[in-house]
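# Report on the structure
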There are 2 protein chains.
Amino acid sequence: MSEQNPLDLPEGDPFGPHNLPYGVFTPAGPGASDAPAQGSASSDGSATSDGSATSDGRRVGVRLGSYVLDAGAAAAALGSPYASLLAQPTLGPLLAAGRRTWSDVRRALTAWVTVPAHRDVVRPLLHPLSDVTLHLPFEVADYVDFYASEHHASNLGRMFRPDAPTPLTPNWKHLPIGYHGRSGTVVVSGTDVVRPTGQRKTPADTAPVFGPSIKLDIEAEVGFVVGAPSTLGTPVPLADFREHVFGLCLLNDWSARDLQAWEYVPLGPFLGKSFATSVSAWITPLEALDAARVTPPERTEPLLPYLDDTAATTASGSGSGASDSAGPAGSVVDEPGGYDLRITVALNGHVISEPPFSTVYWTAAQQLAHMTVNGASLRTGDLYGSGTVSGPSPDQFGSLIELTWNGRDPLELPDGKRTFLEDGDVVTMTAWAPGPDGTRVGLGEVTGRIAPATG
Amino acid sequence: MSEQNPLDLPEGDPFGPHNLPYGVFTPAGPGASDAPAQGSASSDGSATSDGSATSDGRRVGVRLGSYVLDAGAAAAALGSPYASLLAQPTLGPLLAAGRRTWSDVRRALTAWVTVPAHRDVVRPLLHPLSDVTLHLPFEVADYVDFYASEHHASNLGRMFRPDAPTPLTPNWKHLPIGYHGRSGTVVVSGTDVVRPTGQRKTPADTAPVFGPSIKLDIEAEVGFVVGAPSTLGTPVPLADFREHVFGLCLLNDWSARDLQAWEYVPLGPFLGKSFATSVSAWITPLEALDAARVTPPERTEPLLPYLDDTAATTASGSGSGASDSAGPAGSVVDEPGGYDLRITVALNGHVISEPPFSTVYWTAAQQLAHMTVNGASLRTGDLYGSGTVSGPSPDQFGSLIELTWNGRDPLELPDGKRTFLEDGDVVTMTAWAPGPDGTRVGLGEVTGRIAPATG
């Protein structure tokens, strides 16, 4: 443990008091569980995840530098009204509390870690990250994955529909294409990913072949976490994005391209995706990313009103305590919009791509409006992924199938060539975003190691 | 309330002691909540569903004739060890308890409603069905929908891919095609279904059109409810079906064909399905359906071993207390297999179809084995639908798109012609299966009324 007071962060630390992402942890020592917890990324990385609240010592934590603050304990020690909301084994109650509370809690937390008078109270409640176990921070309700990067969708179209008139399907510029994934196999960063087994069949095969996937891939994505629920039968308008979405995190949507290719016509991906989706242990609140908001790419097809983020809209939500959610009537609203997140993907420690999230065509607000326009309701803990983030340049592609052009052009790495993932490979995604006053806001990493197929 | 003792059921009642399906209810009277409960089908049918446990008087019930037994109260009154498992606001704990407990609880319940010595204790704990509110009986974890009826898939292939060499896609006979749906919009029978709004575009349209769906359809399905969970990374073999699946129910997978047609390439159905899926309030345990087990249709393509239900297999599960889950080594196992469920679909009270579940090509056991072969884990409360059940004959088709051949041949009903659903239409599905000794086992109905689009 460092001699330095963790409240005195190094200059420019991307996890300073301007960031304060939320997670769930078990501290080391007598307060912690002896047995590895379900849903934890234990030291061997082999744990499963369910995010359910247990009594194994889990608690809400807030990251500060390379420490994690026991948020419930701090709230109790400082007499905060949010003690019961934070003294929980999951982020669920905080997520459900809604935007005004999210703002109030963040303001309180900022004071706890910055006001000198609180130093002596807060200091003992900071645990070194290296000493704690991080868990899936909330129970995932529904998981939806989108397909929102034009560069990614175009690359896949060129590879798989070379004879089509355009790389994008006719619907692509009119709606954010998405599908439901398996929420029960969303795991926290650090959990091993067992290579999936299943059927594949190439045109050269006369019958399907069964075995471990030979085209195991990554998808570098950003995941959005729904806090406040909505009512069945009532769409959520574009401008209400921040009334419902609490924050975001990095997400790796592991994909078995060979399984997916054989199964996905006509009802979409299933086993090619459902074996694991990894998310960061840290959820960054949207409020920490205000300085990272950017205008999304130019819309090259007219949009239906419910998706039109170029037109004047005003927030209809009544629960907002913030004033930045809507501009004056008749003006262009800068929220909802894009986020300038700079992602780095490393394979066994070597950077293989730097996908820029700002290039993604469809915004998270458009995705939310689309997902609910048919009346589908939101629940606390709903998670939706942006889809693979790929920039225009080949060193910005967010998947191996793009980086190697479906295996044709292997990556040359110091430890050998790679087309798709091999057993033992470790993929780690990190990211940062512009913060206030020239700072950087770090996103929690998402990492996973490929374990051999079982059976 | 009838003068007759509800324990003296009419001869041949399909909800006799040989059936005993489980649900969750709130009794009428002082013990009930004043406010309409989330997740309930209130009298106006407009409630939403989330299945979460609340303290609004919900309790586990077992249907007997036209009454519901307060199972937790009966267990307590009779000193049963299952009192705490049954005195719950959801079926979750019972589902999670596993096959041996399911058998033991069923045996106990059978005794409570048949042994004369218990009559005076049990009688006051029976509530007329007409007096109670029924709720979504468990929290749906992941919801998967399959596409397992060859007749249905062939019909849709003929309609939508008329130029394809065969109506079925090349993968159809090799794996049970499925996709994930939205578990947060699974609602209990009786809940109104708000007509969804969204984008559609026919070849004749130059741009997408936005508005309420004009091709709102039904899908007559059977839903399977997972009880015992499985471990991430470990497939569930075919023979372990009954170690994990607790029971089944009728399911109506409402579908907006126009929304679906425009959105579904390349990632499958999304908003065309996610607005509502209705399930019966009653979950029939598989043990009640032993007499309904039948051999599935002949497999006309060779199956990979993990799906091959024509080969000798033995159950690997160790939790089984029953002896019927596996035949002798080397013999053909009759479990897993098909179920002979006779479904009736009525539109505004008029029978429009009688889909026979026994004609479905892929069994629920094959679907479970496929769903987990990539290592995906099961959670308590996972729900999977068979896909639309259609028999070979036109009066056995399980959807309006088939019954009217995509609107070309309207149904002639006493109250007018129908192609797709109109506002105010009520669709009700019922079913029965052969029970022991010539009895019939009734499945709980699933019904829903179409409410006009909002906004």
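Above this text is the structure in question.
Residues numbered from 1 in each chain as written. Chains lettered and ligands numbered in written order. Predicted model: local features only at pLDDT ≥ 70, side-chain atom pairs only at ≥ 80, totals over all residues. Heavy atoms only, no water.

## So, the overall build of chain A
Definition in use: Numbering of helices and strands runs from the N terminus; a helix is a DSSP stretch of H or I covering at least four residues, while a strand is a stretch of E covering at least two. Categorising residues by exposure relies on relative accessible area from a 1.4 Å probe, with only protein chains included: less than 20% of the type maximum marks a residue as buried, more than 50% marks it as exposed, and the intermediate range marks it as partly exposed. Areas reported as accessible are Shrake-Rupley estimates using a 1.4 Å probe. Residue values count occlusion only from the protein chains shown.
Each helix and strand in chain A was counted, giving ten helices and 26 strands. The buried share among the 455 residues of chain A stands at 62%. When the accessible surface of chain A is summed, it comes to about 15900 Å², and 54% of that surface belongs to carbon and sulfur atoms.

## Notes on the interface of chain A and chain B
What counts is decided by this rule: Any two residues having at least one pair of non-hydrogen atoms within 4.5 Å are treated as being in contact. Accessible surface is computed with a 1.4 Å probe, and the buried area is the amount of it that two parts give up when combined, taken over both parts together. For this document, the term salt bridge refers to a Lys or Arg side-chain nitrogen within 4 Å of an Asp or Glu carboxyl oxygen. Two N or O atoms form a polar contact when they lie within 3.5 Å of each other; inside protein one atom must be a possible hydrogen donor and the other a possible acceptor, and for residues adjacent in sequence the pair counts only when both atoms belong to side chains.
With 58 residues of chain A in contact, the opposing surface of chain B contributes 58 residues. Buried area between chain A and chain B, both sides added, is near 5400 Å², and the carbon and sulfur share of it is 62%. Looking only at chain A, the three residues that lose the most surface to chain B are R182, L267 and F270 of chain A, adding up to 15% of its buried area. Here chain A is connected to chain B by two salt bridges. Notably, a salt bridge pairs D382 of chain B with R182 of chain A, separated by 3.0 Å at the nearest N-O pair. Between chain A and chain B we count 26 residue pairs in polar contact (both at pLDDT 80 or more) in total. Of all elements in the fold, only β6 (143-146), β7 (178-181), β10 (197-200), α8 (257-263) and α9 (364-372) of chain A reach the threshold of two or more residues within the side of chain A that touches chain B. With four residues, the top contributor of residues to the side of chain A that touches chain B is β7 of chain A.

## Structural notes on the sheet that holds strand β1 (residues 22-26) of chain B
Residue and element names in this part refer to chain B. Rules: One requirement defines pairing of two strands: DSSP has to find at least two bridges between them. Only the contacting stretch of a helix is used when fitting its axis, a line to C-alpha atoms as for every element, and angles between N-to-C directions run 0 to 180 degrees.
The strand order across the open sheet formed by five strands is β4-β3-β2-β1-β5, and the pairing between neighbours is antiparallel. Looking at which strands have only one partner, the edges of the open sheet turn out to be β4 (126-128) and β5 (133-135). Put simply, the sheet's adjacent strands are angled 45° from each other on average, direction ignored. Note: strand β2 (residues 59-64) against strand β3 (residues 67-70), four bridges, orientation antiparallel.

## Describing unusual backbone geometry
Residue and element names in this part refer to chain A. Here the amide bond leading from V265 into P266 is cis, since omega sits at 5°, within 30 degrees of zero. Structurally, P266 is set in the loop between α8 and β16 (277-279). Its identity is not glycine, yet N348 carries a phi of approximately 50°, on the positive side. Tracing the backbone through its elements, the reader meets N348 in the loop between β20 (342-347) and β21 (350-353). Despite not being glycine, N406 has its phi angle at roughly 60°, a positive value. Take N406: it is sitting in the loop between α10 (400-403) and β23 (411-413). Given a relative accessible area of 26%, N406 falls into the partly exposed group.

## Some points on helix α6 (residues 150-160) of chain A
Every buried residue of α6 of chain A is listed here: H152, A153, S154, N155, L156, G157 and M159 of chain A. Packing partners of the buried residues in α6 of chain A comprise α10 of chain A.

## Remarks on the sheet that holds strand β4 (residues 126-128) of chain A
Residues and elements named next belong to chain A. Spatially, β4-β3-β2-β1-β5 is the arrangement adopted by the five strands of the open sheet, whose pairing is antiparallel. The strands lining the two open edges of the sheet, one partner per strand, are β4 and β5 (133-135). On average, each strand axis in the sheet is tilted by 45° relative to the strand beside it, whichever way the strands run. Summarising the sheet, strand β3 (residues 67-70) and β4 pair through three bridges and their orientation is antiparallel. Within the sheet, the bridge partner assigned to V68 lies in β4 and is H127.

## Some thoughts on the packing of aromatic side chains
Quick note on the threshold: In summary, the pairing rule links any two rings of Phe, Tyr or Trp, Trp by its six-membered ring, whose centres are within 6.5 Å, and it sorts them by plane angle into stacked for under 30 degrees, edge-to-face for over 60 and tilted for everything else.
The final tally for this structure, using the stated rule, is 20 aromatic pairs over all chains. Between W172 of chain A and Y361 of chain A, the ring centres sit 5.6 Å apart and the planes meet at 55°, which makes this aromatic pair tilted. With W172 of chain A in the loop between α6 and β7 and Y361 of chain A in the loop between β21 and α9, this pair connects stretches of sequence that are 189 residues apart. On the basis of relative accessible area, W172 of chain A is assigned to the buried category, the value being 1%. Overall, the relative accessible area of 1% leaves Y361 of chain A in the buried class. An aromatic cluster is defined as three or more aromatic residues linked by ring pairs; in this entry it consists of F146, F224, F241, F357 and Y384 of chain A together with F270 of chain B.

## A look at the pattern of salt bridges
Residues and elements named next belong to chain A. For the coordinates displayed, the defined rule picks out 46 salt bridges over all chains. For R449, the salt bridge identified is with D192, shortest N-O distance 2.8 Å. With R449 in strand β26 (residues 440-451) and D192 in the loop between β8 (186-188) and β9 (193-194), this residue pair connects regions lying 257 residues apart in the sequence. On the accessibility criterion, R449 (35% relative accessible area) is partly exposed. With relative accessibility at 14%, the residue D192 sits in the buried group. One salt bridge connects R299 with D309, and the closest N-O pair in it is separated by 3.1 Å. With R299 in the loop between β18 (293-294) and β19 (338-339) and D309 in the loop between β18 and β19, this residue pair connects regions lying ten residues apart in the sequence. A relative accessible area of 13% means that R299 is categorised as buried. Taken together, the shared-partner salt bridges in this structure form one network comprising D217, E219, D253, R257 and K273.

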